[in-house]
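Here is what each chain is made of, one letter per residue.
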Amino acid sequence: MTLTLDQRDAVKALSLPAIMILGGSAFLALGIATGFVNVSIDRFYGSIDNVMYNSLCLGMVMCYATMPFRRGEALWVYSLGLAGEVYRFFWSHPASWSTFDRFGAVGFAAALCAICGMAWRFFNSRGDERLWARGMFLLSLVMLFFPHVSTWLHIVVIHHAPMVYDQFGYKVDGTFGFQPAAEAARIMRNGTVMPYIAFYTYNELPLLMITAVLLGLKNPESTYGHLTLHFMVIGTVGFLCYWLFPMIGINLFVGDANFPNGPLPLVTTPVPYHEAIGYARNCYPSLHLGWTLAVFLGVRRVDPRVRVFLFLYVCTMILSTLNVGHYGVDLVGSVPYVVAFFGAVNRQSGRNRLSRMVSFGLGGGLFAVWSALVFHAPVFASTHPAVTFSTVCLVVVGSLVLEDWLANSTVDVMEDRNAMPGVAELELV
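The rules we used
Residues numbered from 1 in each chain as written. Predicted model: local features only at pLDDT ≥ 70, side-chain atom pairs only at ≥ 80, totals over all residues. Heavy atoms only, no water. Helix = DSSP H or I, 4+ residues; strand = E, 2+ residues; numbered from the N terminus. Rg over C-alpha atoms; globule rule 2.2 N^0.38 Å. Buried < 20%, exposed > 50% of the residue type's maximum accessible area, 1.4 Å probe, protein only. Lys, Arg positive; Asp, Glu negative; His and termini not counted. Charge placed at Lys NZ, Arg CZ, Asp CG, Glu CD. Core = buried A, V, L, I, M, F, W, Y, C linked by side-chain atoms within 4.5 Å. Contact = heavy atoms within 4.5 Å. Salt bridge = Lys/Arg side-chain N within 4 Å of Asp/Glu carboxyl O. Polar contact = N/O pair within 3.5 Å; in protein donor to acceptor, adjacent residues only side chain to side chain. Expected span 1.5 Å × (residues − 1). Bend = angle between axes of the 7 residues up to and from the residue. pLDDT = per-residue confidence, 0-100.

1. Re the overall build of the chain
And step 1. The helix and strand inventory of the chain stands at 20 helices and 2 strands.
And step 2. For 429 residues, the compact-globule estimate of 2.2 N^0.38 gives 22 Å, and the C-alpha radius of gyration of the chain, at 22 Å, lies within 12% of that figure.
And step 3. In terms of principal-axis extent, the alpha carbons of the chain reach across some 65 × 55 × 50 Å.
And step 4. When each of the 429 residues of the chain is scored for burial, the buried share is 52%.
And step 5. Between the mean site of the 25 positive side-chain charges and the mean site of the 25 negative ones, the chain shows a separation of 5 Å.

2. As for the nonpolar core
And step 1. If you look at the biggest cluster of nonpolar residues, it comprises 97 residues, and the most contacted ones within it are Met136, Leu217 and Trp370.
And step 2. The element best represented in this core is helix H15 (residues 287-299), accounting for 9 residues.
And step 3. In this structure, tryptophan 370 is in contact with Val172, Tyr284, Val329, Val332, Gly333, Thr388, Thr391, Val392 and Val395, ignoring residues within four places of it in sequence.
And step 4. Residues Ile21, Leu138, Val142 and Phe146 belong to the second largest nonpolar core, which totals 6 residues.

3. Details of the side chain of glutamate 204
And step 1. Summarising the element assignment, glutamate 204 is placed in the loop between helix H11 (194-203) and helix H12 (205-218).
And step 2. With no salt bridge to any partner, buried glutamate 204 finds its closest opposite charge in arginine 88, at an N-O distance of 12 Å.
And step 3. Polar side-chain contacts of glutamate 204 include one of 2.9 Å to the side chain of serine 55.
And step 4. Apart from residues no more than four positions distant in its own chain, glutamate 204 is found in contact with Val51, Ser55, Leu58 and Tyr313.

4. Concerning helix H8 (residues 127-160)
And step 1. With 34 residues, H8 extends 48 Å from end C-alpha to end C-alpha; this agrees with the ideal 50 Å at 1.5 Å per step.
And step 2. Bending of H8 peaks at approximately 30° at the position of phenylalanine 145, with proline proline 147 no more than four residues after it.

5. Some points on the confidence of the model for the chain
And step 1. When pLDDT is averaged along the chain, the result is 88, and 93% of the positions lie at 70 or above.
And step 2. When pLDDT is averaged over each helix and strand of the chain, the minimum, 60, is found for helix H3 (residues 41-45) and the maximum, 97, for helix H9 (residues 166-173).

So this is what it looks like as structure tokens:
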């Protein structure tokens, strides 16, 4: 296995996110062991039956599959992984699970075997193969532990944000006389195929993110740098946003019985209200759409076919995210939020210094402007549709213009059509 200099640098850059996540996980484990963190370990153990977590696990298997094939090693890795998955599918699952539920949990046993295989390869290889095995192992550890740190951060936000601002998002969403989430949910749920498309689009996002990271590692010259770190940063800082702008979602605000087809309440003067059940406040901004946008913007230049597929995925994710109860304001806020952190977390060079600073500063400013309108002037926004529409256009279009400038000054587009056999010459979007 032979890596280019750019590929080696990209793989080595995985060390920082791994250190951050492993450090956070160690702190969490220490807190639980000493009683400083009042969380039952069972809550974290239950995550292995979560569809999104198992999507990450499939990503770990994909990481192992990118390494050069070694027959003897692959035999025990894949055999043990398959045996573990068969056992979980037929015997080790809640009695209430349907066949569909069991398919959603596929991946955990195979991932553990894949991690062992990557560790084994690291200690039994040399040169670039060892460097790649190390990178895949660290990337898998990030995937393995990040959801547990995320669960803890959700609990912290719930504890420290007892008031929620759903009436604010709901009021601004209704500016044009309808609720985008309710309309999208009707579209997605009234068909026979669309509910499954929505489910897999939303829940298999982690696998797509890992695919994007692997594309970035293989093609560093045509992608943003530090994509793994960018995913982590927008995810971690997102919890600060959840604390500052706590909302639980329109489906919970109006009640599942009323969403999307039941009577929706009329809110005249929005006020924050107390929510004591303990729902997650993970609405604003939408990290699902944010991560999807980061995937699209991060690797769209690898191949025109990749660009088309990811653009369609973004469109489907918009509907899927609204379908699960996000407000439209959450989606608008995601765009400048992602672009701002592309300016902050990126390859650094003299060529992109100005664009990085402006993208971070102005992107963050656009996010602040939109947040101020939603959370400080919802009545004004809802009674002045022209102002709201103009602000949406400014925030979204302005952010994308910033990103295009940043990409042009960061990504080195290949000039030689034959530089990557079988891949057409890339074009700037």
